[in-house]
Amino acid sequence: MMNKLNYVHVKSFVGSMGHGSRFSKEPLVAEGIFINSSSYINAATVLSTEGLKKSFDGQEVLKDVNIDLQRGEIVLLRGDNGSGKTTLLNTLTGNLEPDAGTINIYANGTDEHFRFPRKWYHNLNPFDHFTPERVSREGIGRTWQEVRLFPTLNLQDNIALSYPGQKGEGPFCALIRSFKEQEKRNLNISRERLEKLGLKGREKSSADMISLGQSKRTAIGMALQAGAKILFLDEPLAGLDEAGIRDIIEQLKLIASEKQITLVIVEHIFNMPAILEIATKVWTLKNGKITIETPAQVKEEIQLTNGFRMLEWIKQVGGCEDNPVAVEERLPGGAILKKFALSGKTAGPIVLEVKDLVVHRGKRLVIGEKLPGGDIKGVSFKLCEGELALLEAPNGWGKTTLFEALAGLIPIDQGVIHFYDQDIEAMPSWERVRKGIRFLQARKNIFPGLTVKEMLRLTKDEALISSFPEIAHKKGSDLSGGERQKLSALSLLKDRNLRLGLLDEPFSALDKDGIQLFLDNIKTKLRDAVFFIALPYIKNDKRRIA
Amino acid sequence: MNYILHLLIYFNIYAIIAISLNMVVGYTNLLSLAHAGYYAIGCYTYALVTIKLNMGFLPALVLAVFIAALMSLAISLPAWRFKGDFFVLVSLSVQVFLYSLFYNWVSSDSGIDTIGTLKNLTNGPYGIPGIPKPSILSIKFDSIGMIFILSSVLLGICLVISWNLLKSPWGRLLKGIRDDELLARNIGKNVRLAKIQVIAIACGMASAAGTVYASYISYIDPSSASLDDSILFLCMVLVGGVGNFRGPIVGAAVLLLIPEMLRFLSIPDSIAANVRLLLYGLLLVLVVRLRPQGIAGEYRVE
């Protein structure tokens, strides 16, 4: 419809892939024109690459990536930690320049070819750079794993700002105020878009005051408002609770079917089943190459190999046949604290006791509950030796804040923290580490400017260097999400002095092997240490808890 | 009365500068230390074209704004790549360059009549005396009252310009770039062009303030381009607060009035200058400690 047929794309590499594209074997009457018996002109291709290569410091991350993306497809992009998913995403969205290969974009009805390596004279032309803004104008949008909005603008302005080609974005038009009509239309579209995303009534909310799920939906809305025909989503479900996941999946289904937006989704193994429900194709990135699989195949594979259940694991560790005994406590704000007595020990001495804890972030009350009278009731709980505690709380409950307060990174406003009968609420964080309280942060848990070797020396974990032979000389900023998590987790778990491990969503970003390694290490430590693990709240979870 | 008018003229000039610097600091989060340099470009352009070319105030103003906007590329092009502390250093080097340009463009054997030639453009440390009072369409602004009116009108125009610019999709774009440049680029925004635009407009405005200053004082020397002045301007926006319209104006008033108070304390001049610097420092420390967003600001400079 919109797509002018002024360009024809001959799919020349389909045969070499080993897996034919799903569409190539079907008649393409509606989508393409048949020219001869061996090749198709396929007008529905929105993005294709040939022989894409990218290496960092001599290490080839992408070796020979050939993809062919059709309009309306929903693709799940998967791969082990460090396999280059993020690199591929960054390359296709213009944030990274590949070393070699071709990227063809037909998303916007025009055809754009970028050939790499680029000749020096290409870069002299200021309008012909391979940059995110250029690629975005060709109809490619993206979202990030972390929340990325304009925090000082409200939601409506976030969306309205994304609208391309605004007259009022030139200072001259802004000065003579000749943008009013366009701006009015833009604001109307933005409001409608927010309404469709289920954010009606939040137009004037500041972007840094909304929940994680709302942020993720707004980010999708911004990419669409910017004119994305192909949307790359980096872990859109990460950190979301069940309701949040359902919302996002509904939205994605809607934009793919109604607007024929093509989706490429990178997702963590936990959330893959949800994506597989809507995916039409799976790209598996391995050894720098992409293989194409069907969602059905992958579903089966995940079921076979991803038998991981936290409860199963606890059962196994506890050596009991039945479900392990769990004590459930409800904390204010809808969080659940589950405590499992492990290794036969029943309630040893109290390791951690928290009484009436209240923490503010700025002016916002995060930990604690406001009572009708105006008093604030704090959070209280205790953990005993030989226990494993899971904290399941909805997004925005303040899991991270609680852990930061326990680790001494932020001050508390009220309450008592006992650690082996000692008051530690006034103790600085480094003293607490010496006492054996270690905190594994969900993000920012490495030193980006140091190499892995230097980091491990700094944390006095020289012995671990041999566990990371291939990344020992890499800088922290070059590590993939999974590698970072593995590194910081092992550094914590190998601490001889460890008495209390505070693990904030430790399994995100890890692949199957990573999780197994992590759990094995926890298991060996259970004798001496108590673990307090925060997980996103998932009601009736069939995927993780039970 | 003249003293009050004198203060008000200074306030107008400082307010224009603070408003213009607010556009850079508050809306793109780039701390520029080169603003006094661009202010001095306005002073010198006005002095030279009125003395040498007998231009009226308006053409001189337009020329001064244009030259400063063009020269602003010296800080806006590096701003494509440099952020934070590195941008401060880049702007500092531009500041030093402009100051030494004004200070050293002089030849030893030249007299006062060679000012404005290629050999002796700025007359170096001796400065340019005898700058004519402004005149627009046969209206002579030769009294202090008239200069006050002129500076107030210019302040009004600058206020309207910056209000119109910042309360528009362009202002929204700037805020977006300030918040997250990578995100702005990924939704297809030309971040570089926007930075060039805002820095050119701000430098042009500072230059306009410079023309009023030169015409009021009738004498100009390189000290108006000094680093001290750049720091003073930056203090105004940081103390007053950035990201809105009240902040810079409050800042300009506060930093103007505090040293004036010393005048009434009968402190010897040689000490007063140092006490003034001391007060600036104290004020900045207090603001950063107690109210990081500035007295009347809404955005916190990181």
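Residues numbered from 1 in each chain as written. Chains lettered and ligands numbered in written order. Predicted model: local features only at pLDDT ≥ 70, side-chain atom pairs only at ≥ 80, totals over all residues. Heavy atoms only, no water.

The next subject is the interface of chain A and chain B. Across the contact, 35 residues belong to chain A and 26 residues belong to chain B. Each partner contributes to the roughly 2,600 Å² buried at the junction of chain A and chain B, and carbon and sulfur atoms together form 59% of this total. The largest per-residue losses of area from chain A upon contact with chain B belong to E133, F150 and P171 of chain A, which jointly make up 21% of the total buried on that side. At the junction of chain A and chain B, the tally comes to 5 salt bridges. One salt bridge in this structure joins E169 of chain A and K189 of chain B, with 3.2 Å as the shortest N-O distance. For the interface between chain A and chain B, the tally reads 18 residue pairs in polar contact (both at pLDDT 80 or more). When residues of the side of chain A that touches chain B are traced back to their parent elements, those giving at least two are α2 (132-137), α3 (155-161), α4 (171-175) and α5 (180-196) of chain A. Examining the composition of the side of chain A that touches chain B, we find that 4 residues originate from one element, α2 of chain A, more than from any other. (Contact = heavy atoms within 4.5 Å. Buried area = accessible area lost by both parts, 1.4 Å probe. Salt bridge = Lys/Arg side-chain N within 4 Å of Asp/Glu carboxyl O. Polar contact = N/O pair within 3.5 Å; in protein donor to acceptor, adjacent residues only side chain to side chain. Helix = DSSP H or I, 4+ residues; strand = E, 2+ residues; numbered from the N terminus.)

Let us now look at the nonpolar core. Counting residues in each nonpolar core, the largest one holds 109 residues, and the members touching the most others are I13, Y14, Y38 and F233 of chain B. Here Y38 of chain B is in contact with A68, M71, S72, A74, I75, V94, L98, C203, A206 and S207 of chain B, once residues within four sequence places are set aside. L337, V366, I424 and V530 of chain A belong to the second largest nonpolar core, which has 34 residues in total. (Core = buried A, V, L, I, M, F, W, Y, C linked by side-chain atoms within 4.5 Å. Buried < 20%, exposed > 50% of the residue type's maximum accessible area, 1.4 Å probe, protein only.)

Okay, the side chain of S207 of chain B next. All names here are of chain B. As for its placement among the helices and strands, S207 is situated in helix α9 (residues 191-217). From its side chain, S207 meets the backbone oxygen of A64 in a polar contact 2.9 Å long. Apart from residues no more than four positions distant in its own chain, S207 is found in contact with Y38, Y39, I41, G42, A64, V65 and A68.

This part is about helix α1 (residues 85-92) of chain A. All names here are of chain A. Burial analysis of α1 places 7 of its 8 residues in the buried class, which makes it a mostly covered element. Of the positions making up α1, those classed as buried are K85, T87, L88, L89, N90, T91 and L92. Downstream of α1 by a residue or two, G94 has a phi angle that is positive, lying close to 85°.

Residue and element names in this part refer to chain A. Tallied over the full model, the rule gives 18 aromatic pairs over all chains. Measuring from centroid to centroid gives 4.9 Å for F116 and F130, while their planes differ by 75°, and the two rings are edge-to-face. In this pair, F116 sits in strand β7 (residues 112-116) while F130 sits in the loop between β7 and α2, placing the two residues 14 residues apart along the sequence. The same class applies to F116 as to F130, namely buried. With a centroid separation of 5.5 Å and 65° between ring planes, the pair formed by F381 and F532 is classed as edge-to-face. Of this pair, F381 sits in strand β19 (residues 379-384) while F532 sits in strand β25 (residues 530-536), and the two are 151 residues apart along the sequence. (Phe/Tyr/Trp six-rings, centres within 6.5 Å; stacked < 30°, edge-to-face > 60°.)

This next bit is on the side chain of K216 of chain A. Residues and elements named next belong to chain A. One can find K216 in helix α6 (residues 212-225). One buried charge, K216, has no salt-bridge partner; the nearest side chain with opposite charge is E267, at 6.8 Å. For K216, the side chain forms a polar contact with the main-chain oxygen of Q145, separated by 3.3 Å. Look past the residues within four positions of K216 in its chain and what remains in contact with it is Q145, E235, P236, A238, L240 and I248. (Lys, Arg positive; Asp, Glu negative; His and termini not counted.)

The next thing to look at is helix α1 (residues 2-28) of chain B. Residues and elements named next belong to chain B. For α1, spanning 27 residues, the distance from its first C-alpha to its last is 38 Å, which sits close to the expected 39 Å at 1.5 Å a residue. Along α1, the sharpest kink reaches roughly 30°, centred on N22. Once α1 finishes, N29 follows within two positions and takes phi at roughly 60°, a positive value. (Expected span 1.5 Å × (residues − 1). Bend = angle between axes of the 7 residues up to and from the residue.)

Residue and element names in this part refer to chain A. Pairing within the open sheet is mixed, and its 6 strands lie in the order β8-β9-β10-β5-β11-β12. Looking at which strands have only one partner, the edges of the open sheet turn out to be β8 (140-143) and β12 (289-293). For this sheet, the mean inter-axis angle between neighbouring strands, taken without regard to orientation, is 20°. The pairing of strand β5 (residues 74-79) with strand β10 (residues 262-266) spans 4 bridges and is parallel. Looking across to β10, one finds that L76 is bridged to I265. Strands β5, β8, β9 (230-234), β10, β11 (281-286) and β12 of the sheet are contacted by α1, whose axis makes an angle of about 135° with β5. (Pairing = 2+ DSSP bridges. Axes fitted to C-alpha atoms, helices over the stretch in contact; angles between N-to-C directions.)

The side chains of a regular strand alternate, first on one face of the sheet and then on the other. All names here are of chain A. Within β9, 5 of the 5 residues are buried, leaving the element largely enclosed by the surrounding structure. Across the two faces of β9 the burial is the same, with I230, F232 and D234 and L231 and L233 all buried. Summarising the sheet, β8 and β9 pair through 4 bridges and their orientation is parallel. If you follow R142 over to β9, its bridge partner there is F232. Pairing analysis gives 5 bridges linking β9 to β10, with the strands arranged parallel. The residue of β10 that forms the bridge with L231 is L263. The handedness of the β9 to β10 crossover, carried by helix α7 (residues 242-258), is right-handed. (Right-handed = clockwise from strand over helix to strand, strands pointing away.)

This part is about the pairing of strand β14 (residues 335-341) of chain A. Residues and elements named next belong to chain A. Taking burial as the measure, the 7 residues of β14 include 6 buried ones, the bulk of the element. Here strand β13 (residues 326-331) pairs with β14 via 6 bridges, running antiparallel. Looking across to β14, one finds that A326 is bridged to F340. Two elements, β14 and strand β20 (residues 387-393), share 6 bridges in a ladder whose sense is antiparallel. Bridge pairing in β20 places K338 opposite L390.

To continue, consider the packing of helix α7 (residues 169-179) of chain B against α9 of chain B. Residues and elements named next belong to chain B. Where α7 contacts α9, the two axes come as close as 11 Å, and the packing angle between them is 110°. On the basis of the axis angle, α7 is roughly perpendicular to α9. Seen along the crossing, α7 lies across α9 with a hand that is left-handed. Residues W170, L173, L174 and I177 of α7 form the contact with α9, whose own contacting residues are V191, A194, K195, Q197, V198 and I201. Its residues assigned to classes, the contact of α7 with α9 shows 8 nonpolar, 1 polar and 1 charged. (Parallel < 35°, antiparallel > 145°, perpendicular 65-115°, else oblique. Left-handed = near helix turned anticlockwise from the far one by under 90°. Nonpolar A, V, L, I, M, F, W, Y, C, P; charged D, E, K, R; others polar.)

Residue and element names in this part refer to chain B. Taken over all residues, the pLDDT of chain B has a mean of 89, while the share at 70 or more is 99%. When pLDDT is averaged over each element of chain B, helix α3 (residues 57-71) comes out on top at 95 and strand β2 (residues 139-140) at the bottom at 83. Scoring the predicted complex yields pTM 0.78 and, for the interface, ipTM 0.86. (pLDDT = per-residue confidence, 0-100.)

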